[in-house]
Amino acid sequence: MFSKINEKQAFIDDFTMTAACGILKWVLRTNGKSLQDEVIPSRKEKEEKTAICMSDAKINNHGPARIVPEDIIVTALVACQFHLYDLTHEDEDDIICAGIVDRKHFISDYYQVMHHGAHIQNSDKYVDYCHQLLCKLRRVNPQLDIDGEKNIWISKPRNLSRGRGIRCRNDLKTYVPWKEMGG
């Protein structure tokens with residue numbers, strides 16, 4: 001019910017949190033690691049995975065691969081840390097920083113990575129951090145594995161019935177105008 005401001009904000013927060021977890025999952029996948037497997041690939045395997053990812057980015061963008069700064073990973077880690085603290089009220093000392101998340105910039109970079117094949121700079125440096133944090137989140141949110149790296153949101157108008165007006169979207173801007181997103 002987007003007519004209520006707190007409902008709209010809750011949706012934006014959930015979308016952002018899902019995107020943050022998606023970035024952490026992307027870091028693991030791109031660098032050859034998963035939540036289920038503890039084996040970190042060799043340097044050669046990492047370089048091959050990065051080369052594949054970069055070639056995918058060139059194909060998807062029909063030109064030179066865009067590189068997103070590693071700040072997106074740091075922002076995702078911070079968002080996930082705050083979310084974990086909010087769920088458990090533990091690990092207060094582990095919070096990376098208490099900076100303000102620029103939601104518009106984060107979501108924009110998220111779309112570049114997930115929908116346009118951009119690569120994240122120096123993502124290999126964050127594999128262990130991402131893995132540890134996702135494992136902690138999984139303990140308090142068992143449905144974490146249901147979400148992927150990019151997700152589809154289903155919305156239904158409250159005043160229609162019989163499946164009329166149901167929309168499936170993967171872009172927050174189709175639900176909330178940028179001006180309403182806040183910093």
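By the naming in an unreviewed UniProt entry, the chain is Tubulin monoglycylase TTLL3-like, taken from Xenopus laevis. Listed in UniProt under the heading Catalytic activity (unreviewed entry), the comment for the chain reads: "L-glutamyl-[protein] + glycine + ATP = glycyl-L-glutamyl-[protein] + ADP + phosphate + H(+)". Quoted verbatim from the Subcellular location (unreviewed entry) field of the UniProt record, the comment on the chain reads "Cytoplasm, Cytoskeleton, Flagellum axoneme".

Caption draft 1: Quick look at the packing of helix α3 (residues 71-88) against helix α4 (residues 103-116). Closest axis-to-axis distance for the α3/α4 pair is 10 Å, and the angle between their directions is 120°. Viewed along their axes, α3 and α4 form a crossing whose handedness is left-handed. Here Ile72, Thr75 and Ala76 of α3 lie close against α4, whose contacting residues are Phe106, Asp109 and Tyr110. The residue inventory of the contact of α3 with α4, partitioned by class, reads four nonpolar, one polar and one charged.

Caption draft 2: Seen up close, the confidence of the model for the chain. Model confidence for the chain is summarised by a mean pLDDT of 75, while 69% of its residues fall at 70 or above. Averaged pLDDT values over the elements of the chain bottom out at 49 in helix α2 (residues 43-61) and peak at 94 in strand β2 (residues 119-120). Here residues 38-42 is a poorly scored stretch, pLDDT under 50, and it has ten contacts once near neighbours within four places are set aside; other chains count. Of the regions scoring below 50 in pLDDT, residues 54-62 engages in 15 contacts with residues more than four places distant in sequence or in other chains.

Caption draft 3: Region of interest: unusual backbone geometry. Phi at Asn122 takes a positive value of approximately 55°, unusual for a residue other than glycine. The residue Asn122 is located in the loop between β2 and α5 (127-140) in this model.

Caption draft 4: Up close: the environment of Cys130. Relative to the elements of secondary structure, Cys130 occurs in helix α5. Taking the relative accessible area as the measure of exposure, Cys130 reaches 0% and is therefore buried. Those residues in contact with Cys130, other than ones at most four positions away along the chain, are Leu24, Val27, Leu28, Ile73 and Leu77.

Caption draft 5: Region of interest: the pattern of salt bridges. Counted according to the given criterion, the structure contains five salt bridges. Between Asp109 and Arg66 there is a salt bridge, and its shortest N-O distance comes to 3.8 Å. Here the residue Asp109 occupies a position in helix α4, and Arg66 occupies one in the loop between α2 and β1 (67-68), the gap between them amounting to 43 residues. What makes Asp109 buried here is its relative accessible area of 5%. By relative accessible area, which is 33% here, Arg66 ends up partly exposed. Glu70 is paired through a salt bridge with Lys125; the nearest N and O atoms lie 3.0 Å apart. With Glu70 in the loop between β1 and α3 and Lys125 in the loop between β2 and α5, this residue pair connects regions lying 55 residues apart in the sequence. The class for Glu70 is buried, based on a relative accessible area of 14%.

Caption draft 6: Summary view of a nonpolar patch on the surface. On the surface, Ile152, Ile154 and Ile166 cluster together into a nonpolar patch covering about 320 Å² of accessible area. Tracing the chain through its elements places Ile154 in strand β3 (residues 153-155).

Caption draft 7: The arrangement of α4 in detail. An ideal rise of 1.5 Å per residue puts 20 Å on 14 residues; α4 measures up with 19 Å between its terminal C-alpha atoms. Listed as buried for α4 are Arg103, Phe106, Ile107, Asp109, Tyr110, Tyr111, Val113 and Met114. Just downstream of α4 lies Gly117, where phi reads positive at about 75°.

Caption draft 8: Representation of α3 within the structure. Look at α3: 25 Å from first C-alpha to last across 18 residues, which is about the 26 Å you get at 1.5 Å a residue. Listed as buried for α3 are Ile72, Ile73, Ala76, Leu77, Val78, Ala79, Cys80, Gln81, Leu84 and Thr88. Downstream of α3 by a residue or two, His89 has a phi angle that is positive, lying close to 55°.

Here is what the cut-offs are and how they apply
Residues numbered from 1 in each chain as written. Predicted model: local features only at pLDDT ≥ 70, side-chain atom pairs only at ≥ 80, totals over all residues. Heavy atoms only, no water. UniProt positions renumbered as here; feature names shortened; annotations may be inferred. Axes fitted to C-alpha atoms, helices over the stretch in contact; angles between N-to-C directions. Helix = DSSP H or I, 4+ residues; strand = E, 2+ residues; numbered from the N terminus. Left-handed = near helix turned anticlockwise from the far one by under 90°. Contact = heavy atoms within 4.5 Å. Nonpolar A, V, L, I, M, F, W, Y, C, P; charged D, E, K, R; others polar. pLDDT = per-residue confidence, 0-100. Buried < 20%, exposed > 50% of the residue type's maximum accessible area, 1.4 Å probe, protein only. Salt bridge = Lys/Arg side-chain N within 4 Å of Asp/Glu carboxyl O. Patch = residues over 30% accessible without salt bridge, like charges linked within 9 Å, V, L, I, M, F, W, Y side chains within 5 Å. Areas by Shrake-Rupley, 256 points an atom, 1.4 Å probe, with all protein chains shown as cover. Expected span 1.5 Å × (residues − 1).

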